[in-house]
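Reading the structure
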Amino acid sequence: MVGLVLVSHSRKLASALVDFLGQVAPAQLPVAIAAGVGEERSDFGTDAIEIMQAIQTVYSEDGVLVLMDLGSAVLSAGMALELLPPEMRNKIRFCPAPLVEGAIAAAVQIGLGSDLDTICQEANTALEPKRQHMAQEAPAPAVIPSEAIAPTESITLTLKNLHGLHARPAAQFVRTAAQFKAEISVRNLTTGKGPVSARSLNALATLGAIEQHEIQISASGPEAAQALSALKTLVEANFGEAPAGEPPSPLNFPAETSAGRTGGIPVSEGVALAPLFRYEPALPPIPETPAQRPETEWKRLQEAIQHTAQAIEQRTRRLEQTIGKHQAAIFEAHLLILQDPGLSENARKRIFEQRENAAFAWNQAIQQAAQEYRHLPDAYLQARATDVEDVGRQVLFALTDARAAPSLPFETPVILYAPDLTPTETAQIDLKQVLGLITSGGGPTSHSAILARALGIPAIAGIGPLLENTPQGTLIGLDGSTGEVWIDPPASTLADLQTRRAEWLERRSRLQQYSQALAFTRDHHRIEIFANIGKGQDAQAAVENGAEGCGLLRTEFLFLTRQTAPGEEEQYQLLRPIYETLGTNRPITVRTLDVGGDKALPYLPMPQETNPFLGVRALRLSLAQPSLFLTQLRAILRAAAGFPCRIMFPMVADINEVRQAQDLLTQAHTELESGNIPHAWPVETGIMVEIPSAALLAHKLAQEVDFFSIGTNDLTQYTFAAERGNPALSHLADGLHPALLRLIDSTVQAAHAEDRWVGVCGEMAGDPEAVPVLIGLGVDELSLNPGGIPKIKALVRTLALYETQQLAQRALVECATAEEVRQLAREFLSHHQSAV
């Protein structure tokens, strides 16, 4: 018997229609609904996953008829169809008949045992009796001319970025393809592999498409041309990467040499000496019992995947604030692995067809995907199997209710050895006790290697199986600069390693100590170098690296990754240690809550917005939620008692927003004062200049505040109307574009005319090529991630103000593109360094 699926924006409508069908159709009518979204499906909308599940519940070899109410329901149904296996898709009919009349006609035909085509035809003519009764002529059938049917379009491109479609470029490719209403496939013309769906991260990666391979991208649908154009731009821009030579293969394991020493691949510099701790990731217990109710197991798997996705998103936000957005993008690829339709479809088929339980089916699907990576000819792509297993393990922990260790704690210092440490595990390492990392596989470009460098841990990869049988606690030495490893070194070697480690620690300490001095140019112009702080632990790193203060304290860490809003006392308790760590000589600039856009709060309902980045976010949200804002302002003022404090308002577009915010700040002060509660007052106030209107109004805004801090990331985004996370628009994300430099220039001039200072706290502040240009434009303060401070201070000390001013003027007058400015800056630095 043919199944019937009703797709509606309204749960109540669909349920009522099913009740009505019970009056005209047999009791055993196989009907299912997919309607509504949100809690208890009470909100209007449609869900592709629910549509897919509805189809599965009524599916048989006779097929399924799907009726839909509105246009967006058609889109959701189309997405659901893509999630179904090919053998099922051929027996699904999407019928354009009216929902109510069509459902009644279809139900009657299903009860008569008609075939799928007959049922669809009857449903399509369901309005005819009503038309005849109302004496209306039936409309002429809409015939689609053959020339209007969009043919498949194709382009052929050559991959020139290092490693081709590896995890991060593939993730960008999938995200870009998903933005268009088009069916897109990719074929590796060099190897003959494919075609595969452009929506599948794993399928793309397993094409084995590496540097210099030719790929063919084919698309059909209403936005096929736009999709191909965007993907062509992305590929030709090398996915934001620079072409380079191949790194050493991580699979060419070195042979052991004399004196217990062996060689590996240098990953992260530094010398370490400590007992061996051999780490082997353990999977939670995976039951082998068959699935009694496949529908329940499938739902459990989907919930576990969603839970894991939320955890990865939270981890990504934390790491973006500590090691930077580029390194944290590793975890964005993890999200796309989770969302890969091929992976979930493999698990789904195992659950429904082989009756495997969710954990067992998911583990089998993960292992199969990992093996596909390992069988690829390219060593770099082989290493991506670790990412698949990393993601798979997290879902298994969620499925089995087992808790993955939140960190890797060690009671004594160790050298940590693992077959191939995953990014998640690397991010959880206790730096106080782990002195070095060694992996048997991997290489300098593995994700764990990238994170190891970001975390400052000496590390070596590609050591092979030589430590597999080495007893726990064996003394190990390593030099991350040379790739050398010593197993139980003799006394003479041990003494040499201890000396080398001491020298390395001294060099690092000397660099940090040198960074404690203030930064002056050669002609004695002071440039303040401050730190961006994203959480409490960053404060100590800021002090150790020579930060002269905090130019941006992001307060989102107080509000994100939680289910309820933090109270005043809790915020105070978390902020106060940051002030105490930086002390009385290092000012702290606190940015008030900046959420919305890509950062949402689960406990703060916000209306659906077509473009959240242009909606109620940052200061706009704070002003719309005065109670939440006042609580934060009181906590900031209390935490700053006895310390230099500045408060900065984000995303200011209009002068009235500043005045409203300052009124609320004064109110917070008044409330604390009336309660005799110690707090900082008066405090300097400033704004983030990250919207063009603020830059254009700088001459007026400077009369309202004490300082400006230019957020170059968002200012670039809003100036070029190009969302900074969109890889197809990466060519518009460079803050050194002359258009942006002109906004910075006018902002600085307006501020200085009112005796106000200007800082930069975006990515440009830590970009060596941008620093001399910013100094030449008159920027007074640079605020960047703590780890980059010593390098930027050293650079500032080699510059002369008058030279940077000449550079900045040339950039403004002579250059028309960001690349021209960068080339000018490179020539300046090259000539300058050789002269110095």
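Structure: see above.
In what follows, the accompanying structure is described.

Cut-offs applied
- Residues numbered from 1 in each chain as written.
- Predicted model: local features only at pLDDT ≥ 70, side-chain atom pairs only at ≥ 80, totals over all residues.
- Heavy atoms only, no water.
- Helix = DSSP H or I, 4+ residues; strand = E, 2+ residues; numbered from the N terminus.
- Contact = heavy atoms within 4.5 Å.
- Areas by Shrake-Rupley, 256 points an atom, 1.4 Å probe, with all protein chains shown as cover.
- Buried < 20%, exposed > 50% of the residue type's maximum accessible area, 1.4 Å probe, protein only.
- Pairing = 2+ DSSP bridges.
- Core = buried A, V, L, I, M, F, W, Y, C linked by side-chain atoms within 4.5 Å.
- Axes fitted to C-alpha atoms, helices over the stretch in contact; angles between N-to-C directions.
- Salt bridge = Lys/Arg side-chain N within 4 Å of Asp/Glu carboxyl O.

Let us look at the overall build of the protein. Secondary structure summary: the protein contains 33 helices and 24 strands in total. Considering only contacts within the protein whose residues lie at least 6 apart along the sequence, 71% involve residues at least 24 apart. Accessible area for the protein stands at about 36000 Å²; split by element, carbon and sulfur atoms hold 52% of it.

Here the focus is the pairing of strand β12 (residues 414–418). Most of β12 sits out of view: five of its five residues are buried. On β12, burial covers both faces: Val 414, Leu 416 and Ala 418 on one face and Ile 415 and Tyr 417 on the other are all buried. Pairing between strand β11 (residues 271–278) and β12: three bridges, direction parallel. For Arg 278, the partnering residue across the bridge sits in β12 and is Tyr 417. Two elements, β12 and strand β13 (residues 434–439), share five bridges in a ladder whose sense is parallel. Its bridge partner lying in β13, Tyr 417 is registered against Ile 438.

Our focus in this paragraph is the nonpolar core. Residues Ile 529, Tyr 579, Phe 708, Leu 741, Ile 744 and Leu 782 are the most contacted members of the largest nonpolar core, which totals 97 residues. Contacts of Leu 741, omitting those with residues within four sequence positions, involve Gly 735, Leu 736, Met 764, Val 773, Leu 777, Ala 811, Leu 812 and Val 821. Formed by 81 residues, the second largest nonpolar core is a distinct cluster that contains Met 52, Val 58, Met 88 and Ile 366.

Let us look at the sheet that holds strand β19 (residues 588–591). Reading around the barrel, the eight strands line up as β17-β18-β19-β20-β21-β22-β23-β24 and close back on themselves, with parallel pairing between neighbours. The average undirected angle you get between the axes of adjacent strands in this sheet is 25 degrees. Sheet topology note: the strand β17 (residues 528–533)/strand β18 (residues 550–554) ladder contains three bridges and is parallel. Among the inter-strand pairings, Asn 532 is bridged to a residue of β18, identified as Leu 552. Here helix α31 (residues 789–796) sits on the sheet and contacts β17 and β24 (781–784); the angle it forms with β17, its principal contact strand, is near 160 degrees.

Glancing now at the pattern of salt bridges. For the coordinates displayed, the defined rule picks out 32 salt bridges. Where Arg 576 meets Glu 580, a salt bridge forms, and the shortest distance between an N and an O atom there is 3.5 Å. Taken together, the residues Arg 576 and Glu 580, both in helix α22 (residues 568–582) and four residues apart, mark about one turn of the helix. For Arg 576, a relative accessible area of 19% corresponds to the buried category. Given a relative accessible area of 48%, Glu 580 falls into the partly exposed group. One salt bridge in this structure joins Asp 594 and Arg 617, with 3.4 Å as the shortest N-O distance. In this pair, Asp 594 is assigned in the loop between β19 and α23 (619–624) and Arg 617 in the loop between β19 and α23, connecting sequence segments 23 residues apart. Across the pair, exposure class does not vary: Asp 594 and Arg 617 are buried alike. Each of the salt bridges in this network shares a partner with another, and the network as a whole consists of Asp 734, Asp 767, Glu 769, Glu 819, Arg 822 and Arg 826.

Quick look at the environment of Leu 782 now. Tracing the backbone shows Leu 782 in strand β24. Measuring from C-alpha to C-alpha, the distance between Leu 782 and Gly 551 comes to 7.7 Å, with 231 residues separating the pair along the chain. Discounting chain neighbours no more than four positions away, the residues touching Leu 782 are Ile 527, Glu 528, Ile 529, Phe 530, Val 760, Ala 765, Val 771, Leu 774 and Ile 792.

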